[in-house]
Amino acid sequence: MTSIFPDRERTSFHSLNAGGLDWDSFPLRLFVKGNALQWNPADIDFSRDAEDWAGLGEVERRLATTLSAMFIAEQNVALLEGKVDRIIGMHAGKLKGEASSSFRLSGSH
């Protein structure tokens, strides 16, 4: 496979394997759990997309795979940032959101 980023060649992606997405990976389990609260993208018929994928060249497939991996990585960052915010909030003795409501209460006196 020709790399579009030869100096940053990856050999694998945590949430993507040879058979497609790894639905047992934590980010995708979280994705499924979140989507259960609304609509389910698994209900969408992707047969046309499979045909389109088959017609893509090597570079186009690599670009699509890289973009998908970047999206999943961003979801991991967002999850980590949420954990850090909660840890900082707990360390300060407050949960996120309480500090701003406390400020409003104390400022209104």
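Residues numbered from 1 in each chain as written. Predicted model: local features only at pLDDT ≥ 70, side-chain atom pairs only at ≥ 80, totals over all residues. Heavy atoms only, no water.

Trainee: Please clarify how the overall build of the chain should be interpreted in this entry.
Mentor: When you go through the chain residue by residue, the secondary structure sums to 4 helices and 2 strands. From first element to last, N terminus to C terminus, the chain shows the α and β order β-β-α-α-α-α. The proportion of buried residues among the 109 residues of the chain is 12%. Across the chain, every contact between residues at least 6 apart in sequence was considered, and the portion connecting residues at least 24 apart equals 47%. Carbon together with sulfur atoms contributes 62% to the accessible area of the chain, which is approximately 9000 Å² in total. (Helix = DSSP H or I, 4+ residues; strand = E, 2+ residues; numbered from the N terminus. Buried < 20%, exposed > 50% of the residue type's maximum accessible area, 1.4 Å probe, protein only. Contact = heavy atoms within 4.5 Å. Areas by Shrake-Rupley, 256 points an atom, 1.4 Å probe, with all protein chains shown as cover.)

Trainee: Please explain the pattern of salt bridges as it appears in this structure.
Mentor: Opposite charge on two side chains lets them pair, provided their charged atoms get close. Following the criterion strictly, the structure yields 1 salt bridge and no others. One salt bridge in this structure joins D52 and R48, with 3.1 Å as the shortest N-O distance. With a gap of 4 residues between them, D52 and R48 both fall in helix 2 (residues 47–54), about one helical turn apart. Residue class for D52 comes out partly exposed when judged on its relative accessible area of 38%. (Salt bridge = Lys/Arg side-chain N within 4 Å of Asp/Glu carboxyl O.)

Trainee: What is the right way to read the side chain of T66 from this model?
Mentor: Topologically, T66 is positioned in helix 3 (residues 58–91). A distance of 2.8 Å separates a polar side-chain atom of T66 from the backbone oxygen of R62. (Polar contact = N/O pair within 3.5 Å; in protein donor to acceptor, adjacent residues only side chain to side chain.)

Nothing here speaks to function; it is geometry throughout.
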